Amino acid sequence: MKASILAIDYHLPLAVLTNGDLAGEFPEWNEQAIFAKTGITERHIAATDEYASDLAFAAATKLFSHPGLDKTWVEALVVCTQSPDYLLPSTACLLQDRLGLSRTVAAFDFTLGCSGFVYGLSLVKGMIESGQIKNAVLVTADTYSKYLGPADRSVRTLFGDGAAACWITAVEQEKESIGPFVFGTDGSGASHLMLRQSASRGFSQTDTAPSPPCYLTMNGPEIFRFTLDAVPASVQALCVKAGTRIDEVDLFVFHQANVYMLEHLRQKINIPTEKFYVHMQHCGNTVSSTIPIALKEAVDEGRLKPGMNVMLVGFGVGLSWAATFVRWGDFKSPSLP
């Protein structure tokens, strides 16, 4: 049995922050300048009382509405988030109850950002192909907007909130539908994208006064340099591991960081424009959800079709990166009851 993606859906919050809104706050930047730098015209922002579990619930509910799927078949709920509702309990436990999933479901969180979806595919693949389960839902959900300083235009122009849900099932075939994988970590660069004083290091029961707001800090130039070094090397390593040439890949879906970075990567790796999928104009950088959102949109637009070999590459906060192949919809019979 092999693991295969069966369906994906996603949800974005209703509130929208446009480039016009941002230009009103930062007069030194106009709408066109923001779009030229980021490739984004608007991003969706969670309401004050809206959190990662709310977006995740909406995305999973959409997924379960797909024809032929029944949530009673889910045996594992894996949630990737860096903006959990609480430090404890895990968001997956909250989501299991709210979705009405069985009490026999395995539910857990893992904390990764931009590489999280690819790491999550590896985790679920391992659970399925080791025979532990047959059906799992991988959820990515982040509300980075709650971490952004109101005066920090560098991050407010980039990040949007969102969640995605992906059904992964066991299929009866010998050929892999997901994999192989390559991974990478460089914790020496952790400070380049960090939310300081946000967990145990920022919490003290002896504090007598409220702590000042803690905002995300990003060293854009260092992140850019890291990306241009790590991603091309990962692409090459994955092709070698899979015994595949770059020109044999049908579609490339990278983490949707910003259009400036993506275009530099495309040119450096020498990927044809028609094989390089970008979808972030109307949602921004949704962190862990950018790749699954792009996959869903590529399917809806007819860019991603059954049998195509897709390379997925996530990279960012950590510093962390991961890459894999997915053969889209190439399975015989899903292991559904």
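Placed above this text is the structure.
A quick note: this is a predicted structure, and the numbers were derived from the prediction, not measured.

Enquirer: How should I be thinking about the overall build of the chain in this particular structure?
Expert: Broken down by element type, the chain carries 9 helices and 13 strands. Over its C-alpha trace the chain gives a radius of gyration of 19 Å, about what one expects of a compact globule, namely 20 Å for 337 residues. Dimensions of the chain, computed from the C-alpha atoms along their principal axes, are close to 55 × 50 × 35 Å. Taken across its 337 residues, the chain has 53% of its residues classed as buried. Total accessible area on the chain is roughly 14,700 Å²; 53% of this is exposed by carbon and sulfur atoms.

Enquirer: Help me understand the sheet that holds strand β6 (residues 135-142), please; the structure alone is not making it clear to me.
Expert: Remark on secondary structure: sheet strands pair via backbone hydrogen bonds, oriented parallel or antiparallel. The sheet built from 5 strands is open, its strands ordered β1-β7-β6-β4-β5 with mixed pairing. Each edge of the sheet is formed by a strand with only one pairing partner; in this case those strands are β1 (2-11) and β5 (106-110). Within the sheet, the average angular offset between the axes of one strand and its neighbour, ignoring direction, is 20 degrees. Alignment of β6 against strand β7 (residues 162-171), held across 8 bridges, turns out to be antiparallel. Looking across to β7, one finds that Val-139 is bridged to Ala-165.

Enquirer: When you look at helix α8 (residues 259-269) in this model, what are you seeing that I'm missing?
Expert: For an α-helix the count is 3.6 residues per turn, leaving residues at separations of three or four pointing the same way. Those residues of α8 lying buried are Met-261, Leu-262, Leu-265, Arg-266 and Ile-269. Seen end-on, α8 carries its buried residues on one side only, within an arc spanning 135 degrees. Facing away from the buried side of α8 by over 90 degrees, the exposed positions are Gln-267 and Lys-268. The inward-facing, buried residues of α8 contact α7 (220-242), β11 (251-254) and β12 (309-316). If you check the start of α8, you find a side-chain oxygen 3.1 Å away from the backbone N of Tyr-260, and it comes from Asn-258. At the exit of α8 stands Asn-270, carrying a positive phi of roughly 65 degrees.

Enquirer: Got a minute to help me understand the pairing of β6 in this structure?
Expert: Residues in a regular strand project their side chains so that they alternate between the two faces of the sheet. In terms of burial, β6 is a largely internal element, 8 of the 8 residues being buried. Because side chains alternate across β6, one face comprises the buried residues Asn-135, Val-137, Val-139 and Ala-141, and the other comprises Ala-136, Leu-138, Thr-140 and Asp-142, equally buried.

Enquirer: Before we go on, may I ask you to explain the packing of α7 against α8 in this structure?
Expert: The relative placement of two packed helices is expressed as an angle between their axes plus a distance between the axes. Packing of α7 against α8 brings their axes to within 10 Å, and their N-to-C directions diverge by 40 degrees. The orientation of α7 with respect to α8, classified from their angle, is oblique. For α7 against α8, the interelement crossing comes out right-handed. Where α7 abuts α8, its residues Ile-223, Phe-224, Thr-227, Leu-228, Val-231, Pro-232 and Val-235 lie against Tyr-260, Met-261, His-264, Leu-265, Lys-268 and Ile-269.

Enquirer: Would you take a moment to explain unusual backbone geometry for this structure?
Expert: Trans peptide bonds make up most of the peptide bonds, and negative phi angles are found at most residues other than glycine. The residue after Leu-88, namely Pro-89, is reached through a cis peptide bond having omega 5 degrees. Assignment of secondary structure puts Pro-89 in the loop between β4 (76-80) and α4 (91-99). The residue after Gly-318, namely Leu-319, is reached through a cis peptide bond having omega -10 degrees. In this structure, Leu-319 sits in the loop between β12 and β13 (320-327). Although it is not a glycine, Asn-270 sits at a positive phi angle of roughly 65 degrees. The phi dihedral of Val-287 falls on the positive side, at around 60 degrees, and the residue is not glycine. Within the element layout of this structure, Val-287 appears in the loop between α8 and α9 (290-300).

Enquirer: It is not clear to me how the nonpolar core should be interpreted in this structure. Could you clarify?
Expert: Nonpolar side chains tend to gather and get buried jointly when the protein is soluble and globular. Residues Phe-159, Leu-216, Val-231, Phe-254, Met-311, Val-313 and Phe-315 are the most contacted members of the largest nonpolar core, which totals 40 residues. Contributing elements (two or more residues each) for this core: α7, β11, α8, β12 and β13. Top element by residues in this core is α7. It accounts for 9 residues. One finds Ile-128, Ala-136, Val-253 and Leu-304 within the second-largest nonpolar core, a separate group that totals 37 residues.

Enquirer: Would you mind going over the pattern of salt bridges with me for this structure?
Expert: Oppositely charged side chains can form a pair if their charged atoms are brought close together. Here the structure, examined in full by the defined rule, presents 10 salt bridges. In this structure, the salt-bridge partner of Glu-129 is Lys-125, at a minimum N-O distance of 2.9 Å. Within this pair, Glu-129 and its partner Lys-125 are both found in helix α5 (residues 116-129), separated by 4 residues, close to a single helical turn. We classify Glu-129 as partly exposed; its relative accessible area is 28%. Here Lys-125 and Glu-176 are joined by a salt bridge, their closest N and O atoms 2.9 Å apart. In this pair, Lys-125 is assigned in helix α5 and Glu-176 in the loop between β7 and β8 (178-185), connecting sequence segments 51 residues apart. You can call Lys-125 buried: its relative accessible area is 9%. Assessed through its relative accessible area of 32%, Glu-176 is described here as partly exposed. Sharing partners across several salt bridges, the network here consists of Lys-125, Glu-129 and Glu-176.

Here is what the cut-offs are and how they apply
Residues numbered from 1 in each chain as written. Predicted model: local features only at pLDDT ≥ 70, side-chain atom pairs only at ≥ 80, totals over all residues. Heavy atoms only, no water. Helix = DSSP H or I, 4+ residues; strand = E, 2+ residues; numbered from the N terminus. Rg over C-alpha atoms; globule rule 2.2 N^0.38 Å. Buried < 20%, exposed > 50% of the residue type's maximum accessible area, 1.4 Å probe, protein only. Areas by Shrake-Rupley, 256 points an atom, 1.4 Å probe, with all protein chains shown as cover. Pairing = 2+ DSSP bridges. Axes fitted to C-alpha atoms, helices over the stretch in contact; angles between N-to-C directions. Arc of directions from axis to C-beta. Contact = heavy atoms within 4.5 Å. Polar contact = N/O pair within 3.5 Å; in protein donor to acceptor, adjacent residues only side chain to side chain. Parallel < 35°, antiparallel > 145°, perpendicular 65-115°, else oblique. Left-handed = near helix turned anticlockwise from the far one by under 90°. Core = buried A, V, L, I, M, F, W, Y, C linked by side-chain atoms within 4.5 Å. Salt bridge = Lys/Arg side-chain N within 4 Å of Asp/Glu carboxyl O.

Any functional reading would require information beyond the geometric quantities listed.
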